[in-house]
Amino acid sequence: MADGNAVTVQPVRLPNVVDMEAVSMATVLDRAARDPAVSVDKLEKLYDLQKRVREDAARRAFDEAFPAMSAELPEIDKRGKIIIKEKGGDKIIQSTPYALWEDTNRLIKPVLTKHGFGLSFRISQVPERITVTAVLSHNGGHREETSFSAPIDSTGSKNNVQGWGSSLSYCKRYAGTTI
């Protein structure tokens, strides 16, 4: 039976420490900007302080989420193979397995997303060399970067485009796993 005096309690989301620090600094900065007695120099210093507080909060959020995310990253099967044959013959002198970037990307994406991370790449090239910078960003605002550079792969019977593609895949695998 419905009670006409019943009170519905709505859940309240309390801000976390990061939110509170950002709000507090924004309030201080807003008040200072409205005060004609505060010089532009002081305002710039307050803005720099606010920026450092936000960067620190973003770094802490990244550092808090990273171990949990790392613990869930799967081991990737090594379906790729580098096969080196004897010059001018069919005899295999070396066969080295490796994880394909496509497999790695497919398996890590859900784990990264679950913990608020994203992985992107910046690519630069000069004649005969490619550099890939992996950028691991967190939804809290912090990011870490690492780069890996390699010459264009001219092994085997690859044409120039295949050599660039091979080196790009190699660099993505190594830059992305060294963060």
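As a convention, each chain's residues are numbered from 1 in the sequence order in which they are written. Residues qualify for local features only when their pLDDT is at least 70, as the model is predicted, and side-chain atom pairs are given and counted only at 80 or more; totals for whole chains, interfaces and linings, by contrast, use all residues. Just so you know, side-chain values use all the structure's heavy atoms and leave hydrogens and water out.

If DSSP finds at least two bridges between two strands, the strands pair. Secondary structure is summarised from DSSP: a helix means a run of H or I of at least four residues, a strand means a run of E of at least two, and numbering begins at the N terminus for each. As paired elements, strand β4 (residues 129-138) and strand β5 (residues 143-151) share 9 bridges and run antiparallel to each other. Directly across from R129, in β5, lies its bridge partner P151. The turn joining β4 and β5, which pair antiparallel and follow one another in sequence, is formed by 4 residues; a positive phi near 110° is taken by G141.

What follows concerns helix α2 (residues 40-72). Helix span is expected to be 1.5 Å times the residue number reduced by one. Compared with an ideal rise of 1.5 Å per residue, which puts 33 residues at 48 Å, α2 spans 48 Å between its outermost C-alpha atoms and is within 8% of the ideal. Accessible area is worked out with a 1.4 Å probe on protein chains only. A residue is then buried under 20% of its type maximum, exposed over 50%, and partly exposed in between. Looking at α2, one finds that the buried residues are Q50, A57, A58, F62, A65 and M69.

With that settled, consider the pattern of salt bridges. Salt-bridge detection follows one rule: a side-chain nitrogen of Lys or Arg within 4 Å of a carboxyl oxygen of Asp or Glu. Following the criterion strictly, the structure yields 9 salt bridges and no others. Where D63 meets R59, a salt bridge forms, and the shortest distance between an N and an O atom there is 3.1 Å. With D63 and R59 both in helix α2 and 4 residues apart, the pair spans about one turn of that helix. A relative accessible area of 36% places D63 in the partly exposed class. Here K158 makes a salt bridge to D153, at a shortest N to O gap of 3.2 Å. The structure contains a network of salt bridges with shared partners spanning R59, D63 and E144.

This next bit is on helix α3 (residues 101-114). Under the 1.5 Å per step criterion, the end-to-end length of α3 is 20 Å for 14 residues, consistent within 8% with the ideal 20 Å. Note on bend: at a given residue it equals the angle between the axes fitted to the 7 residues ending there and to the 7 starting there. Where α3 bends most, at I108, the angle is about 35°, and the proline P110 comes one to four residues later. The complete set of buried residues in α3 reads W101, D103, T104, I108, V111 and L112. In what follows, a contact means two residues having at least one pair of non-hydrogen atoms within 4.5 Å. Looking at the buried residues of α3, the elements they touch are α2, β3 (117-126), β4 and α4 (160-176). Just downstream of α3, G116 is the residue with a positive phi angle, here 80°.

Our focus in this paragraph is unusual backbone geometry. With a phi close to 70°, E128 is a non-glycine residue in the positive phi region. Looking at where E128 falls in the secondary structure, it is placed in the loop between β3 and β4.

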